[in-house]
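Chains, contacts and geometry: an overview
Below are the chains, spelled out letter by letter.
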Amino acid sequence: MSALRTEHEAAVESALAALDLDTKVSILSGQDMWSLPAVPAIGLASIVMSDGPIGVRGTQWSAADPSIALPSPTALAATWDPELARRAGNLLGQEARRKGVHVLLAPTVNLHRSPLGGRHFEAYSEDPLLTGAIGAGYVRGVQEHSVGTTVKHFVANDAETDRFTVDNRVSEKTLREVYLAPFEAIVAAGAWGVMAAYNKVNGTTMTEHAPLQRDVLKGEWGFDGFIISDWMAARDTVATVTGGLDVAMPAVGSPWGRRLADAVRAGAVDPELVDDQVRRVLRLAARVGALDGVPPAVPAADRPAAIDGDALARELAARSFVLAANPRGVLPLDPAATGTIALIGALARDARILGGGSAFVFPPHVVSPLDGLTAAGLKVEYALGADPRTKLPPATGPQWAGLTATFRDRDGAVLHTTPLGSGRGLWMELPAGVDRDNLATAEITGRLTPAVTGTHELGVRGVGRFTLTAGEQTVFDGALLPESSDPAAIFLAPPEQRCPIELAAGVPVDVTLRQQVMLPEGFAVVSLTLSFGEPTASEDALLEQAVRAAAAADVAVVVVGTTEEVESEGFDRTCLALPGRQDELVARVAAANPNTIVVVNAGSPVELPWADDVAAVLLTWFPGQEAGHALADVLTGAAEPGGRLPTTWPVREQDCPVLGTTPADGVLEYAEDVRIGYRAWDGAPVAPRWWFGHGLGYTTWAYEQLAVDGAEAVVTVRNTGARPGRETVQVYADGRLAGFATVTADPGRTATARIPLPERTFQHWDGGWAPVPGPHHVTAGPSYATRPLTTTL
Ligand code: BGC
């Protein structure tokens, strides 16, 4: 044990010894939505937590407190680079420190079982090894700032339908080899926290799952950190404690507190169990610097150097973009030789940079593809083409001035007011001066000066009673009802009421959206959005305009993708088709211009029926706040597209070997066992569009040599193209990913990847880990589909 560890353990024991039972149980539940209570008598500060995977929201979920937004987790995994994941973690650790956050509620390491999973974008991959490696890099990076992580959601929370109750039935072998494997790898890498999922596994809800939490995680794997419930996932006082849960979040709904103390006094809970829980919370406190008298796990002087978040977000995005098809080599574009680019699509102007739900943050700024290509000096003609959004975007942009949120009491007196970057207002804790008793209304106000004359639309988004006025006119006065019973969906993807209004160009109008706030029991959530739509041409006319712009340009770049209504938390996707008329848009643009490059702005797979008819397809995931700069870098060749698919991409939804996310009678059978992802596609009647691991760069590679030397594979590749490049070398053992590494080489030169093969490579679960009898086929190549080098052991 290191000296610091010994010091921490001694401090934990002496703090524990100073606590009575009631104080002990008090620190096991939230004091509010995001923090644990302080105990000044033992020098314990309040431990503050925040989502989420791509940015640190902080406890105030508001545009007034923005957060660097990195690309989506699928994008991070597409880099296949645990070192880059570690740098992402470093940035998030830095952000957490800046915002006074001790624990980041991330990473999400559930697997891509079905592409219909609503939070697919928020998880890494279909492969346990890749997921574990990226997650481990990320966790190391965050914790190097002495900020904790909670690897989530333990376990088998791979879809959203009925997520609070679904019973996922998974065989022991499948759990061990597939769904538990990333958690095991990340715990071995030193994670300080794990979050227990909402769902059941094989009949037992995860927060009460003694065999998985106590026996496997804490017992077999020797996890010394804390297990926290997903928000409101802890329901039973005794079963959660005996099942191995340590912290119940948030305050509302916790089954502990007095009830836990009573259960101990009544002999229903062994006091030793409570001591173990408290030890784990105190150990966390010591690690993150919230326990007086001991230094944090990483003292401030030893933390990573400051990172420029904008620069990292841009680099990471470019490294994650997967060039899936480029048959004629249209990319990279030569900026000097490229005339006009027709840039087409709603998402080219209003970039969708992140997925919805608890992963959402307010970024300080967003560089859209239109901004990025223009800033790179490219000659761009923009056309909307088709808008896939079924809801209006929040009010923002040059036509709006003075967007402000104001909280008032019953007499209309101002309690709090804050400027907003957009018409989206979201608070998960009430701002200073506002409380449950004095709050009556929340308002978003702004002055709109229309650019054109015509029928505009103002939109109200939220749940509850609203009044919307524009000047003297009341455009809406009524109630909006929830469309879901999942709180995440109610607050993060609420219903919308659109109100048409005639406005004249240049004539300003003051707009006020007012909500009568009714706080739900125990929650201090305020969510209201003032949205806005300008007069637009008809859908047919928009398509026509885009086709004309494409025909007149040298190159057409069409940005298509999903919307907040498609990829978010609290619901699964209903299909894999691109929403709206985007497929028709691409097909018509491609017919008008042979140099049509399609940029797919989606966090997870979508059907691309025109993929064989366009000049290039670039998959950009949800690319984070620097989306447009990274896109310009990759289109012009200033950066190589570095991404490789972390998940197999189907041609059609119905081809997917594993698809279902809807339980039958409360049960979702993982009937395919270990065969998810490429292991399921291999042998499926229809081939996918692009296999796991696929992705092109701007040079070409020859795979020259593979040798397996003990626990290491050594692969030599040669850059056979004309540019320096980076290659992601993949090694498979008996058809499963066993290791990978990225290498770089100049034209004509070779590079050697030395890839460690973990102990598990030649093992399987057979009631315990056991060697798989040989011979073993080890292969290497640039994707699952292309493995030119083979050796047999
Ligand atoms: C999500 C978690 C998240 C938590 C707190 C839950 O609904 O499933 O991933 O960390 O909320 O926001």
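Just so you know, these numbers come straight off a predicted model, no measurement behind them.

Topic: the pattern of salt bridges
- Within this structure, the stated rule accounts for 50 salt bridges.
- Between Glu669 and Arg169 there is a salt bridge, and its shortest N-O distance comes to 4.0 Å. With Glu669 in strand β26 (residues 667-669) and Arg169 in strand β5 (residues 167-169), the pair connects residues that are 500 residues apart, well separated along the chain.
- With a shortest N-O distance of 3.3 Å, Glu457 and Arg498 are connected by a salt bridge. Separated by 41 residues along the polypeptide, Glu457 in strand β17 (residues 454-462) and Arg498 in strand β20 (residues 496-503) bring together distant segments of the chain.
- With relative accessibility at 25%, the residue Glu457 sits in the partly exposed group.
- Several salt bridges converge on common partners, so that one network encompasses Arg119, Glu122, Glu160, Arg163, Asp486 and Glu569.

Here we look at the site of the ligand
- In the vicinity of the ligand, 13 residues are found, and the nearest of them are Asp51, Arg119, Lys152, His153 and Asp230.
- A distance of 2.9 Å separates an oxygen atom of the ligand from a polar side-chain atom of Lys152.
- At a separation of 3.4 Å, an oxygen atom of the ligand approaches a polar side-chain atom of Arg163.
- Against a free-state accessible area of 310 Å², the protein chains account for coverage of 93% of the ligand.
- When grouped by side-chain class, the residues that make up the shell around the ligand number 5 nonpolar, 2 polar and 6 charged.

A look at the state of the cysteines
- Evaluated as defined, the whole model comprises 0 disulfides.
- The structure places no disulfide on Cys656, whose sulfur is separated from the nearest cysteine sulfur, that of Cys575, by 12 Å.
- Under the relative-accessibility criterion, Cys656 is labelled buried at 10%.

Looking at the packing of helix α6 (residues 172-179) against helix α7 (residues 181-188)
- One can describe the packing of α6 onto α7 by two numbers: an axis separation of 5 Å at closest approach and a directional angle of 50°. One finds that α6 runs oblique with respect to α7. Residue-level inspection shows Leu175, Arg176, Glu177, Val178 and Tyr179 of α6 in contact with α7, the latter providing Ala181, Pro182 and Phe183.
- Looking at the contact of α6 with α7 residue by residue, the classes come out as 6 nonpolar, no polar and 2 charged.

What about the domain arrangement of the protein?
- Segmenting the protein into domains produces domain 1 (3-302), domain 2 (313-387 + 538-647), domain 3 (400-533) and domain 4 (699-792).
- Taken over C-alpha atoms, the centre of domain 2 sits 32 Å from the centre of domain 4.
- Listed as interface residues are 6 residues of domain 2 and, on the opposing side, 7 residues of domain 4.
- Both sides of the domain 2 and domain 4 interface together cover about 600 Å² of buried area, and 29% of this is carbon and sulfur.
- Of all residues in domain 2, Arg319, Glu640 and Arg644 give up the largest surface area on contact with domain 4, accounting jointly for 81% of the area buried on that side.
- Linking domain 2 to domain 4 there are 1 salt bridge.
- Where domain 2 packs against domain 4, one counts 4 residue pairs in polar contact (both at pLDDT 80 or more).
- Partitioned by chemical class, the residues of the side of domain 2 that touches domain 4 number 1 nonpolar, 2 polar and 3 charged.

Looking at the sheet that holds strand β15 (residues 424-427)
- Strand order in the open sheet formed by 4 strands is β15-β22-β17-β20, with antiparallel pairing between adjacent strands. Across the chains shown, the open sheet's two edge strands, defined by having one partner strand only, are β15 and β20. Each strand axis lies, on average, 15° off the axis of its neighbour in the sheet, ignoring direction.
- Pairing geometry for β17 and strand β22 (residues 526-533), over 6 bridges, is antiparallel. Note on β22: the bridge partner recorded for Gly462 is Leu528.

Here is what the cut-offs are and how they apply
- Residues numbered from 1 in each chain as written.
- Predicted model: local features only at pLDDT ≥ 70, side-chain atom pairs only at ≥ 80, totals over all residues.
- Heavy atoms only, no water.
- Salt bridge = Lys/Arg side-chain N within 4 Å of Asp/Glu carboxyl O.
- Helix = DSSP H or I, 4+ residues; strand = E, 2+ residues; numbered from the N terminus.
- Buried < 20%, exposed > 50% of the residue type's maximum accessible area, 1.4 Å probe, protein only.
- Near = heavy atom within 4 Å.
- Polar contact = N/O pair within 3.5 Å; in protein donor to acceptor, adjacent residues only side chain to side chain.
- Areas by Shrake-Rupley, 256 points an atom, 1.4 Å probe, with all protein chains shown as cover.
- Nonpolar A, V, L, I, M, F, W, Y, C, P; charged D, E, K, R; others polar.
- Disulfide = S-S within 2.5 Å.
- Axes fitted to C-alpha atoms, helices over the stretch in contact; angles between N-to-C directions.
- Parallel < 35°, antiparallel > 145°, perpendicular 65-115°, else oblique.
- Contact = heavy atoms within 4.5 Å.
- Domains from an automatic or database assignment.
- Buried area = accessible area lost by both parts, 1.4 Å probe.
- Pairing = 2+ DSSP bridges.

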